[in-house]
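Coordinate analysis (summary)
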Amino acid sequence: MTSSEFILSNWGGMFAFIWGAIWGSFSNVVIYRLPAGKNIAWPPSHCYSCKHNLGAIDNIPILSYIFLLGKCRHCGASFSSRYAVIELISGIISLGIFLLYRTLPFQNFLTSFAVTFTFFQTLIILSFIDWDTFILPDLLVFPLILLGISWGFYTRGLTMTLVGLFSGSGLFIMITLYYRYIRKKEGLGLGDAKLLAAIGAFGGPFIIFPVILLASIQGLIFAALAFIFRISWPDPGIYVGITDSENDEFDEVIDNKGKWTLKPLPFGPFLSISTIEAVLLSTSLLVPFLNFFNIPTA
Ligand SMILES: [Zn+2]
């Protein structure tokens, strides 16, 4: 068995899952430290309660959480299950990308996997930061746009990439400007427009409509379930180091505190999950669904 045969076999699938889970573990660090204005690389991960450094045995993705029953080995403080969930999601998505591309020639497989994995993992990080803070940081979104443009140019050429870039962001920019200057309030943040620019450049113009449709449907389903079952979630935390204009947006979000039904829902996570669905499930689930509604597919 050559190395390329090995990687494209079922062992490769297992490797892809572990690979994703390890990066999910690193993503946890970014998700918690970036909004807090803390250094990503230092100090090493430690218990937030007793400050003990966490060693290799505490840092095995998913498994450490299960074997240590979600508790610190030193002081018994509980860790949020969210760490393990993010590692699991990252592993599953990495496996999904592997299954999508495994039939490609080996060099194409490696390139496609690397680019798609980087794009999706950044979407996961952005989703949780947006969920926590209502901010999609430019520090992550701009590199994502560049990656999207490079990949779009490589796979579809310049014209389709530019059409994708602007068809995604254009609509959202118009809605945002309408709310900002005519209604004098923040409706959708420009962060969502920048995120859609990256998605449009990466996936091409035909991905935009399915992604917005899927994101809206899933956002509405989530809101309906939250309403029916009285599910609540924490108010957004403070993103350290944001500009004054972004602070105004944040104040408005805080003003809604207590008004349960008006609680805003960040759209970034829904755009992200819809993009991942559109790419990974397009051939099996999405194409029949979109064909049914006569929506063009890429
Ligand atoms: Zn501890």
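Because the structure is predicted, anything quoted here is derived from the model rather than measured.

Turning our attention to the overall build of the protein chain. When helices and strands are tallied, the protein chain shows 12 helices and 0 strands. The order of α-helices and β-strands along the protein chain, N terminus first, is α-α-α-α-α-α-α-α-α-α-α-α. Out of the 298 residues in the protein chain, the part that is buried amounts to 34%. A separation of at least 24 residues holds for 70% of the contacts in the protein chain among residues at least 6 apart in sequence.

Packing of helix α7 (residues 158-182) against helix α8 (residues 190-203) brings their axes to within 6 Å, and their N-to-C directions diverge by 165 degrees. Judged by the angle between their axes, α7 and α8 are roughly antiparallel. Regarding α7 and α8, the two cross each other, and that crossing is right-handed. Every residue of α8 that contacts α7 at T161, G164, L165, S167, G168, S169, F172, I173 and T176 is listed here: L190, D192, A193, K194, L196, A197, I199, G200, A201 and G203.

Turning our attention to the packing of helix α5 (residues 106-133) against helix α11 (residues 268-280). Packing of α5 against α11 leaves a shortest axis separation of 8 Å and a crossing angle of 155 degrees. Between α5 and α11, the angle falls in the class roughly antiparallel. In this structure, α5 meets α11 at a crossing whose hand is left-handed. On α11, the residues that touch T116, F120, L123, I124, L126, S127, D130 and W131 of α5 are G268, P269, S272, T275, I276 and V279.

Our next topic: the environment of H74. By the element assignment, H74 lies in the loop between α3 (63-67) and α4 (82-101). Measuring from C-alpha to C-alpha, the distance between H74 and S49 comes to 9.7 Å, with 25 residues separating the pair along the chain. Ignoring any residue separated from it by four or fewer positions in sequence, one finds H74 in contact with C47, C50 and H52.

Moving on, we come to the confidence of the model for the protein chain. For the protein chain, mean pLDDT is 84; residues scoring 70 or higher make up 84% of the total. In the model, residues 243-248 has pLDDT below 50 throughout and makes 2 contacts with residues more than four positions away in sequence or in other chains. For residues 250-262, every residue scores under 50 in pLDDT, and the model assigns this stretch 10 contacts once sequence neighbours within four places are set aside.

What follows covers the environment of S282. By the element assignment, S282 lies in helix α12 (residues 282-292). A sequence separation of 182 residues divides S282 from L100, and the C-alpha atoms of the two residues are 9.9 Å apart.

In terms of nonpolar packing, the biggest core is built from 57 residues, with F120, L195, L196, A198, I199, V211 and L271 touching the most fellow members. Going through the elements one at a time, α2 (10-33), α4, α5, α6 (138-156), α7, α8, α9 (208-228) and α11 are the ones with two or more residues in this core. Counting residues per element, this core draws most heavily on α5, which supplies 10 residues. No fewer than three residues from each of domain 1 (1-103) and domain 2 (136-298) sit in this core. Setting aside residues no more than four positions away along its own chain, L196 makes contact with G168, S169, F172, I208 and L271.

The rules behind the values
Residues numbered from 1 in each chain as written. Predicted model: local features only at pLDDT ≥ 70, side-chain atom pairs only at ≥ 80, totals over all residues. Helix = DSSP H or I, 4+ residues; strand = E, 2+ residues; numbered from the N terminus. Buried ≥ 20, exposed ≤ 12 C-beta atoms within 10 Å, placed from the backbone. Contact = placed C-beta atoms within 7 Å. Axes fitted to C-alpha atoms, helices over the stretch in contact; angles between N-to-C directions. Parallel < 35°, antiparallel > 145°, perpendicular 65-115°, else oblique. Left-handed = near helix turned anticlockwise from the far one by under 90°. pLDDT = per-residue confidence, 0-100. Core = buried A, V, L, I, M, F, W, Y, C linked by C-beta atoms within 7 Å. Domains from an automatic or database assignment.

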